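Examining the three-dimensional arrangement
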Amino acid sequence: MAQNLPNVEYKRFHFGFSLGLDILDFGIKNSMAQAPNGCVYQAEVSRLQPGFNVGLIGDVRLCNYLNLRLCPTFYIADRTLTFMNDKSSSLYKIDVRSTMITVPLLLKYSAVRIKNYGIYVIAGGGVLFDFSHEQENPLLLEYFDYFVEFGVGCTFYTKYFRLSPEFKFALGFNNILMSWEKREEEINGGYLDPEWKPYNDALDKLTSRIFTFALNFE
């Protein structure tokens, strides 16, 4: 079988786009603080709602088998936090929606191509900007985060383009929970429901986790 696009790996620069599905998750550290009503609340992620993502790819060939990639990507997804307390069996659920843009810079190491397919691994890091800030939500996330990302993919060479199914995982470093004090400053004298405060105080830290499956067209 003849190779498709036999010299495409030797191009210095190339561009593409990606379409995919994602699942957003939280890393949770509960504060174990006692609320004014005497309850100690704890939270866990009870539901992960798949979302979608679309991105651009800019690729620079550094040497044989090694490329540098910039992949700005737009994400939308939901997850649900469930709060429980030590005094009763009642549960309180909060849906947290994210609409965000990630800008990762990645190194891609490719194995030797075999006819019309080849596997690769990627690793790097980047920044994240979250634009979902509904003040009527009991919890708000910070606007900015930074993360490391790594993954694996397989490239299939067609006559006209490269198609690469790719799995990635990103792990954030910042505490992305917006503090109650900062929310009071942002609302600038508006109304902030005090019944939400125990749920903010119950969380000591939230970190972002992103699982992505994407199809890259290059």
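The following paragraphs examine the structure supplied in this document. (Residues numbered from 1 in each chain as written. Predicted model: local features only at pLDDT ≥ 70, side-chain atom pairs only at ≥ 80, totals over all residues. Heavy atoms only, no water.)

This part covers the nonpolar core. With 17 residues, the main nonpolar core has Phe-26, Tyr-41, Leu-81, Phe-83, Leu-139, Leu-203 and Leu-206 as its most contacted residues. Elements represented by at least two residues in this core include exactly β2 (41–63), β4 (73–85), β5 (91–110) and β9 (203–217). Ignoring sequence-local partners within four residues, the contact set of Tyr-41 consists of Ala-33, Ala-35, Phe-83, Met-84, Asn-85, Pro-198, Tyr-199 and Ala-202. Within the second largest apolar cluster, 8 residues are counted, among which are Met-100, Leu-128, Ala-170 and Ile-210. (Core = buried A, V, L, I, M, F, W, Y, C linked by side-chain atoms within 4.5 Å. Buried < 20%, exposed > 50% of the residue type's maximum accessible area, 1.4 Å probe, protein only. Helix = DSSP H or I, 4+ residues; strand = E, 2+ residues; numbered from the N terminus. Contact = heavy atoms within 4.5 Å.)

Once that is clear, we can look at the pairing of β5. Across 5 bridges, strand β3 (residues 66–70) lies against β5 in antiparallel orientation. Looking at the pairing, Leu-68 lines up with Leu-107 of β5. Bridge analysis of β4 against β5 gives 12 bridges, and the strand direction is antiparallel. Along β5, the bridge assignment pairs Thr-73 with Thr-102. (Pairing = 2+ DSSP bridges.)

In this structure the tally under the stated criterion is 9 salt bridges. Arg-113 is the salt-bridge partner of Glu-9, the closest N and O atoms lying 3.2 Å from each other. With Glu-9 in the segment before β1 (13–30) and Arg-113 in the loop between β5 and β6 (117–130), the pair connects residues that are 104 residues apart, well separated along the chain. Note that Arg-97 is salt-bridged to Asp-78, the shortest N-O span being 3.5 Å. One end of the pair, Arg-97, is in strand β5; the other, Asp-78, is in strand β4, and 19 residues separate them in sequence. Judged by relative accessible area, Arg-97 falls into the partly exposed class, the value being 39%. (Salt bridge = Lys/Arg side-chain N within 4 Å of Asp/Glu carboxyl O.)

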